[in-house]
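# Results of the structural survey
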Amino acid sequence: MSDHEYKKIHEREKKARKLAEKILEEKSLELYNLNIQLQKTNEDLEKNVIERTKELEEAKNTAEELAEMKTVFLSKMSHEMRTPLNAIIGYASLLEEHDIKYESKEILSKINYSGKVLLSLINNVLDHSRLEASRETLVNSHFDLEQELNELFGIFELSARNEKLDYKYEISDNCKQLVSLDLGKIKQIYINLIGNAIKFTEVGSISILVSLEENILISKIIDTGLGISKEDQTSMFEPFVQINRNESYKYKGTGLGLSITKNLINLLSGEIEVESKKGVGTKIQFSLPIEFSNKEVLSKEISKEGFTHFKSQKLKALIVEDNSMNADLLGRILDKQSILHITCVDGRKCLELLEKNRDFDFIFMDLRMPVLDGFETTTKIRELYPEFKAKVILLTAEPSIFSGNIKFEAIFDAFLNKPYQVKEILNLMHDILEK
Amino acid sequence: MKGIVFTELCEMIEKEFGAATLNNVIDKSDLESKGVYSSVGTYKDQELVSLVTQLSNETKIASQDLVHAYGRYFFDVLKNNYSMFFDKNDCFEFLKSIDNHIHVEVKKLYPDAELPTFSYIEEGRTLKMNYSSPRHLSFFALGLMERTIEHYEEDIEIIRKDLNVDGSEVLFTLTKK
């Protein structure tokens, strides 16, 4: 091959190389541009994610604020409703004890009954909102487990008998234990579940079995009632859900009871299970971990009828209450026990009175009052008169304020929820005097 | 250093001094790449030094002058291959676009390219360009600038001044006449 031919081949090869390099450069540039595009898309995506997250956070905050507003609203409403309800139930109870015609007595008992139903509905709504807002805390007390359960299950005997149901309960021997638990919440769980069993069982029986396995309290509530379909079993613990919808016109309620029960069991670190067959019956089993107590528990020997023997003790009481009707109602209850009493309409008036006269055994203190509220007034009383022995009972339509609140527990001797039953206030006074 | 500097140098040697000289230079240079270059590859700086030194031996022309001539030659390579950068109105405008436009584009294609940096001061008819590169190729840059002036058909004087002993920092003062 001549030099000339070699050169031609060399030139061709060189040209081909340059072409290939050019193609490669173009591809590199294309890749670079695609990369930039990809980076931009990524940045846009990240920006979108950040924006969406921010929006979601804002929506969550708004929802939380609304939920908080709902809780505050429900709590205020419930307080506002409890105050007049206190007067309705209280006066009706007082009147029932008067020597009145049988017919009037029956009407009164219906007023009383309806008042209590209304109260339980208000309480349910309040409990629900408090549990939803995770505001509920545990307030443990020491008590004899078997004794409390016996007493509680006994309460339902009458209503089960009225419904012609075979009602029985069995508490295993090992429940004779002193325990430290939130009794109020445990009672509420049983009341909701047994109440439901009675409500939804038309014929047959209701059995309650309670046993203790190590530190787990196992309770079974078995009824031969309407039963719950598989479909309903998944939603029965949701709030405002009423199962047996077709029949529900017969059964009153807010549809909150089971949701509250489930939330309470969760709060107590327990578990609940449901076995049910439509038309056959329902078995609800729940287990709660319990704490054993070594503390001495005073055995309760309180008459269910309430005390009537304050009469001989010549007790004196001071009522501090701005709602004249509630003050009047409490006055009448005290009158019946021959307890002398004076009423002050606010905290300042109370302090003025105590300057001159501190001859009292009890002070019934309302919480929300104009001028000076019950908490500030009592704080002042404790500061000014450390030797003053009168028992100060807080009467409030906001029970949650007292539960587990050290500030309140430090200055008040006891508290009572409004509306209260006549026998409740008398029992409480008796307990405090015995202490 | 990017492959195009090597491929075009080989091209220039072949064109100006013949294929035999190119082969000689490559054979005697003891190159790691064995002289097999592609414009899209990257090769050691030392290979360029070896090639220029060897070419200087072969041709008896000073290395500095060879590098200077190569700068002038390389301008045409760039102009032919990357005409889009030559859309500027005059020489100063083009020179000022090297650091913040042309080199940016080069980096897109060759992210590993190590390029000299330029800083500029323009005062009236004078443009001062500060060249900074560890490769000491300021004569290559001088050749490029001269051809740029010729390309824009302007009458500009260039004064080259070393700012340090090793020639890594050099000041070019360009004055329009």
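In this report, the structure presented in the accompanying data block is examined. (Residues numbered from 1 in each chain as written. Chains lettered and ligands numbered in written order. Predicted model: local features only at pLDDT ≥ 70, side-chain atom pairs only at ≥ 80, totals over all residues. Heavy atoms only, no water.)

## Some thoughts on the nonpolar core
In this structure, L95(B), F172(B) and L174(B) are the most contacted members of the largest nonpolar core, which totals 51 residues. Elements with a contribution of two residues or more to this core: α1 (3-17), α2 (19-28), α3 (45-59), α4 (63-81), α5 (91-109), β2 (126-132), α6 (138-151) and β4 (169-176) of chain B. Sequence-distant contacts of L95(B), defined by excluding residues within four places in its chain, comprise Y120(B), L127(B), M129(B), M145(B), T148(B) and L174(B). Core analysis: the next-biggest nonpolar cluster, separate from the first, contains 42 residues, F153(A), L181(A), M236(A) and I284(A) among them. (Core = buried A, V, L, I, M, F, W, Y, C linked by side-chain atoms within 4.5 Å. Buried < 20%, exposed > 50% of the residue type's maximum accessible area, 1.4 Å probe, protein only. Helix = DSSP H or I, 4+ residues; strand = E, 2+ residues; numbered from the N terminus. Contact = heavy atoms within 4.5 Å.)

## Looking at unusual backbone geometry
Residue and element names in this part refer to chain B. The backbone phi angle of D30 is positive, close to 50°, even though this residue is not glycine. D30 sits in the exposed class, given a relative accessible area of 69%. A positive phi is found at K34, a non-glycine position, where the angle reads about 60°. Following the sequence through the fold, K34 ends up in the loop between α2 and α3. By relative accessible area, which is 64% here, K34 ends up exposed.

## Digging into the sheet that holds strand β9 (residues 340-344) of chain A
Residues and elements named next belong to chain A. Ordered by their spatial adjacency, five strands build an open sheet running β9-β8-β10-β11-β12, and the pairing between neighbours is parallel. The open sheet has two free edges, formed respectively by β9 and β12 (414-417), since each of these has just one partner strand. Along the sheet, successive strands turn relative to each other by an average axial angle of 20°, direction set aside. When strand β8 (residues 316-320) meets β9, the two strands line up parallel, connected through five bridges. Paired with L318 across the two strands is I342, which belongs to β9. Where helix α7 (residues 324-336) meets the sheet, its contacts fall on β8, β9, β10 (362-366) and β11 (391-396), and the angle it forms with β8 comes to roughly 170°. (Pairing = 2+ DSSP bridges. Axes fitted to C-alpha atoms, helices over the stretch in contact; angles between N-to-C directions.)

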